[in-house]
Amino acid sequence: MPEEQSHTIMAVDELQAIIQRCQILEEADFRGEDYNLFQVAGQKCLEDGYAAQLLEVIQNVKNKVIIKNMGWNLTSPLVRCILAYKQEDEKREHCLKILDQLVQLCNPKELFLGLLEQIEQASGEQVCQTIMLLLQPLQTVLLKLQNKKAYSVGLSLAMIMNQLTPLPVPYTKQQIQEDKLGLCQCCNAVVNFAKPFVNEVKNVEKSSEYNDMELKEELLKFCMKSLKYPLLTAQLEQVEGIEEHPFRHFAAEIIDILLDIRELMPQVFLHHKSRRSHWENEEFEDIERKNSADSLACLSYLVFVQHFGINYFPVVFSPAYLLQCNMTHIGVLLKRTEESVLSKGLDLFESSLLRMEDNGLFHQYLEFREFIDVPQDLVKVMTLCPIEHLRKKSLNILQLFIDKFEAEGKYTLFRCLLKTSNHAGVEGYIIKNIKDQIHLSLTKAHDNVWFTGHHLISLLDLVLLLPEGAETDLLQNSDRIMASLNLLRYLVIKDCESDNQTGVWTALAKIEKNFLKPLHVGLNMSKAHYEAEIKNKKENRRESQSSNTICSLTVSGEKMPAMTTEMQLQVLHSALFTFDLIESVLARVEELIEVKLKAVIGENI
């Protein structure tokens, strides 16, 4: 007899022997040893490729009680074999039929734990494969459970999501189409897995007899986890060439579940309710709060930007109220650095603002902390984000935000941003906005008290000064200084001393003391320093007889990348050009002031 055939008979004989021994026992008389022998013999059959013979044993009606009690022990070797065989292999088909038989015959509670264990033990590339394989059997077993069903459904969904979470989310069109690890396919399969349980909650709620809220709670937890992963970092815009976008489909399904369990509206407006935590440990409570904040921010993005479920919203909320609701979520998203999350925050902010009319947002909204914090987050994106198109978009959104406030709101916002931005470019941008508002005030038929008179003078105290007097780094602050000089030039030209609508002529002595004189001193010091640097570099170049020597240079307190002497000279000359530009505008402003004052003196004489 060939050795292989002998081996076959041995594996199958061992299984038949344990089966025959257990057939004559009562169910209650099965011992731990019997379970172990059955598992070892069954595993041997599977691993040696005799799934067909094992299937016959399992399908035999006489073995029904044995399989009911012991069959679940085969889940581990069974899953290993199914994943190892190729799709078209006949042995794989036999293994799948065995799995189907186990689902029909085994004790649901024990098989449930066996299946869940296989999902928990999967790793790497096999995570999605294992989940996809076991979702249908797991669903069937859960539907059979009588006790602790909600808990078991929750445990299953939590286990599945915990296994998926470490996997990278496909982002580009190519990654989504390839779906290398099967995440896109798996996410949508998990939603189908949850549907019978969603229908249970939905149907029971319709009949108003639903007292046990546990299943609903578990489904809500699943939705919240799904919003944080994968949807928060997923690319959710329509992509050309992808007809059925897997993550858009998944997002739509999650919104549908929230609608079905009547949790969409409560979750969208959740942060306005005080929610008592069930954690005694503060660290756990903080983690839950952060996870919840991420999920709710993603939900708002799906509803208000991608318009999932928007048709179910009553049209009673004012745009200002929706903006207020979304500011918390926008703040959460803008604090992140990933492009996929940051862009969602900018899109949510933009869409919330576009619903509003210009000059329609009252200054009282700035009493809400988020209305002060979010513009500061936006400034950080504008100045620190390495992605150019997001920096540009954030600047446009800041302007949109400014435009929505009425005059007092703009005034308050300008004061806040001048004090908190700590960036000369942003301060220069705000000062240009102040100039635009003064222009509107001077050209409109009715006076605007916030950008004329004593209110304006108070604002100019923040604008027309050098932060550190004559010692201020003029190069680093050049954007702010140029914007301030242009504003002052505009005020001197537009506002006659006799009218003094802006109050600038009354404040002239203070402006000269805090701004113009220190600026003169600062310019002289800076020019002298840079001219000396240029002279020094030229002498060094002559000595070394080469303009290609690599050296280092410090400009505005920051060390520049290594560069040749010639390149350093270009940087130094560029700095001098900036100082000349500031000096020419300063001279023009002082000339205008002198001309205006002489004219007034002449009129008085």
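Residues numbered from 1 in each chain as written. Predicted model: local features only at pLDDT ≥ 70, side-chain atom pairs only at ≥ 80, totals over all residues. Heavy atoms only, no water.

> Help me understand the overall build of the protein, please; the structure alone is not making it clear to me.
Helix and strand content of the protein: 25 helices and 4 strands. When burial is assessed residue by residue, the protein has 48% of its 605 residues classed as buried. Put simply, 74% of the contacts in the protein that link residues at least 6 apart link residues at least 24 apart. As presented, the protein carries roughly 30700 Å² of accessible surface, and 51% of it is formed by carbon and sulfur atoms. (Helix = DSSP H or I, 4+ residues; strand = E, 2+ residues; numbered from the N terminus. Buried < 20%, exposed > 50% of the residue type's maximum accessible area, 1.4 Å probe, protein only. Contact = heavy atoms within 4.5 Å. Areas by Shrake-Rupley, 256 points an atom, 1.4 Å probe, with all protein chains shown as cover.)

> Looking at this structure, how should I read the side chain of Lys410?
Positionally, Lys410 belongs in helix H20 (residues 407-420). One buried charged side chain, Lys410, makes no salt bridge at all; its nearest oppositely charged neighbour is Asp403, positioned 5.5 Å away. In contact with Lys410, other than residues within four places in its own chain, are Asn359, Ile402, Asp403, Phe405, Gln437 and Phe451. (Lys, Arg positive; Asp, Glu negative; His and termini not counted. Salt bridge = Lys/Arg side-chain N within 4 Å of Asp/Glu carboxyl O.)

> Looking at this structure, I do not really get the layout of surface pockets. What am I missing?
One simple way to see leftover space: roll a probe sized like a water molecule over the atoms. Taken as a whole, the second largest pocket holds about 390 Å³ of empty space. Asn422, His423, Glu427, Pro467 and Asn477 are, among the 20 residues lining the second largest pocket, the residues nearest its centre. Those elements giving two or more residues to the lining of the second largest pocket turn out to be helix H18 (369-384), H20 and helix H21 (424-443). Sort the elements by how many residues they give to the lining of the second largest pocket and H18 lands first, with 4 residues. (1 Å grid on protein atoms, 1.4 Å probe; cavity = no way out; pocket = protein on both sides within 12 Å on 5 of 7 lines; lining within 4 Å. Points joined across faces, edges and corners; volume = space filled by probe spheres on them.)

> Even after reading the chapter, I still don't get unusual backbone geometry, so can you show me in this structure?
Trans peptide bonds make up the majority, and among non-glycine residues the majority have a negative phi. A cis geometry characterises the amide bond from Tyr229 onward to Pro230, with omega recorded as 10°. Within the element layout of this structure, Pro230 appears in helix H12 (residues 214-231). The phi torsion at His307 lies on the positive side, around 65°, for a residue other than glycine. Mapped onto the secondary structure, His307 falls in the loop between helix H15 (282-304) and helix H16 (319-334). The residue Asn359 is not glycine, and still its phi comes out positive at about 60°. When you line up the elements, Asn359 lands in the loop between helix H17 (339-354) and H18.

> How should I be thinking about the side chain of Ser156 in this particular structure?
Take Ser156: it is sitting in helix H9 (residues 149-164). Take Ser156: its relative accessible area is 0%, and that puts it in the buried class. Among residues more than four places away in sequence, those in contact with Ser156 are Phe112, Leu116, Leu138, Leu142 and Phe193.

> How do you make sense of the packing of helix H8 (residues 126-144) against H9 when you look at a structure like this?
Between two packed helices, what matters for the description is the angle formed by their axes and the separation of those axes. Direction vectors running N to C along H8 and H9 enclose 175°, while the axes themselves pass 12 Å from each other. The angle between H8 and H9 places the two elements in the roughly antiparallel class. Contacts from Val127, Cys128, Ile131, Leu135, Leu138, Leu142 and Leu143 in H8 reach Lys149, Ser152, Val153, Ser156, Ile160, Gln163 and Leu164 in H9. In the contact of H8 with H9, the residues fall into 10 nonpolar, 3 polar and 1 charged. (Axes fitted to C-alpha atoms, helices over the stretch in contact; angles between N-to-C directions. Parallel < 35°, antiparallel > 145°, perpendicular 65-115°, else oblique. Nonpolar A, V, L, I, M, F, W, Y, C, P; charged D, E, K, R; others polar.)

> Would you mind going over the nonpolar core with me for this structure?
Soluble, globular proteins show a tendency: their nonpolar side chains are buried together. Among the nonpolar cores identified, the biggest contains 181 residues, and Leu164, Leu302, Phe349, Leu485 and Leu519 are the most heavily contacted of them. Considering every element that reaches this core, the biggest residue donor is helix H11 (residues 183-206), with 12 residues. With residues up to four places along the chain from it excluded, the contact list for Leu485 reads Phe515, Leu516, Leu519, Ile582, Val585, Leu586 and Val589. (Core = buried A, V, L, I, M, F, W, Y, C linked by side-chain atoms within 4.5 Å.)

> Would you mind showing me how to read the confidence of the model for the protein here?
Any residue range with low pLDDT should be treated as having predicted coordinates unsuitable for detailed reading. The share of residues in the protein with pLDDT of 70 or more is 85%, and the mean pLDDT across the chain is 87. Counting interchain partners and residues more than four positions distant, the pLDDT-below-50 stretch residues 1-8 has 7 contacts. Low pLDDT (under 50) marks residues 272-276, which in the prediction has 6 contacts with non-local residues, meaning those over four places away or in another chain. (pLDDT = per-residue confidence, 0-100.)

> Whenever I open this one, the packing of aromatic side chains confuses me. Can you help?
Any aromatic ring pair is given by two values, namely how distant the centres are and how the planes are angled relative to each other. Across all of its chains, the model carries 13 aromatic pairs by this definition. Ring centres 5.9 Å apart and planes at 70° place the aromatic pair Phe304 and Phe313 in the edge-to-face group. Relative to Phe579, the ring of Tyr530 has its centre 5.3 Å away and its plane inclined at 65°; by these criteria the two rings are edge-to-face. Taken as a pair, Tyr530 in helix H24 (residues 508-544) and Phe579 in helix H25 (residues 565-604) lie far apart in primary sequence, 49 residues in all. Taken as a pair, Tyr530 and Phe579 share a single burial class, namely buried. By way of ring pairs, the aromatic residues Phe349, Tyr365, Phe368, Phe371, Phe401 and Phe405 are connected into one cluster. The lysine or arginine in question, Lys148, covers the ring of Tyr151, its NZ or CZ lying 5.9 Å from the ring centre. (Phe/Tyr/Trp six-rings, centres within 6.5 Å; stacked < 30°, edge-to-face > 60°. Lys NZ or Arg CZ within 6 Å of the ring centre and 35° of its normal.)

> Looking at this structure, I do not really get the pattern of salt bridges. What am I missing?
Any two side chains of opposite charge can pair, given that their charged atoms come close. Under the definition given, this model contains 23 salt bridges. Residues Glu338 and Arg336 are paired through a salt bridge, measuring 2.9 Å at the closest nitrogen-oxygen approach. Of the residues examined, Arg336 reaches a relative accessible area of 19% and is grouped as buried. A salt bridge links Arg369 to Asp373, with the nearest nitrogen and oxygen atoms 3.0 Å apart. Pair noted here: Arg369 and Asp373 are both in helix H18, with a separation of 4 residues, about one helical turn. Residues participating in the shared-partner salt-bridge network are Lys228, Lys290, Asp294, Arg336 and Glu338.

> Would you explain the state of the cysteines in this entry?
Among covalent bonds in proteins, the disulfide is the one between the sulfur atoms of two cysteines. For the coordinates displayed, the defined rule picks out 0 disulfides. In this model Cys128 remains outside any disulfide bridge; the closest cysteine sulfur is found in Cys186, 4.2 Å from its own. Free of any disulfide, Cys184 has its nearest neighbouring cysteine sulfur in Cys187, separated by 7.1 Å. Residue Cys184 is classed as buried on the basis of its relative accessible area of 3%. (Disulfide = S-S within 2.5 Å.)

> Can you walk me through the packing of helix H6 (residues 90-105) against H8 in this structure?
In contact at an axis separation of 10 Å, H6 and H8 are set at 15° when each is read in the N-to-C sense. One finds that H6 runs roughly parallel with respect to H8. Crossing handedness for the pair H6 and H8: right-handed. Along its contact with H6, which presents Leu96, Leu99, Val103 and Gln104, the element H8 presents Leu133, Leu134, Pro137, Thr140, Val141 and Lys144. (Left-handed = near helix turned anticlockwise from the far one by under 90°.)

> Could you clarify how one ought to interpret the environment of Ile397 in this entry?
In this fold, Ile397 is placed in helix H19 (residues 388-404). A sequence separation of 19 residues divides Ile397 from Leu378, and the C-alpha atoms of the two residues are 8.3 Å apart. In this structure, Ile397 is in contact with Leu346, Phe349, Glu350, Leu353 and Leu378, ignoring residues within four places of it in sequence.

> Any chance you could explain H18 here in plain terms?
Structurally, the α-helix is built with 3.6 residues per turn, so residues lying three or four positions apart point the same way. End to end, H18 covers 22 Å across 16 residues, agreeing with the expected 22 Å (1.5 Å per residue, within 8%). Inspection of H18 places Phe371, Ile372, Val374, Pro375, Asp377, Leu378, Val379, Val381 and Met382 among the buried residues, and these make up the whole buried set. (Expected span 1.5 Å × (residues − 1).)

> Help me out: how do you make sense of the environment of Phe368 in this one?
The residue Phe368 is located in the loop between H17 and H18 in this model. Each C-alpha atom, one on Phe368 and one on Gln324, is 8.5 Å from the other, the two residues being 44 residues apart in sequence.

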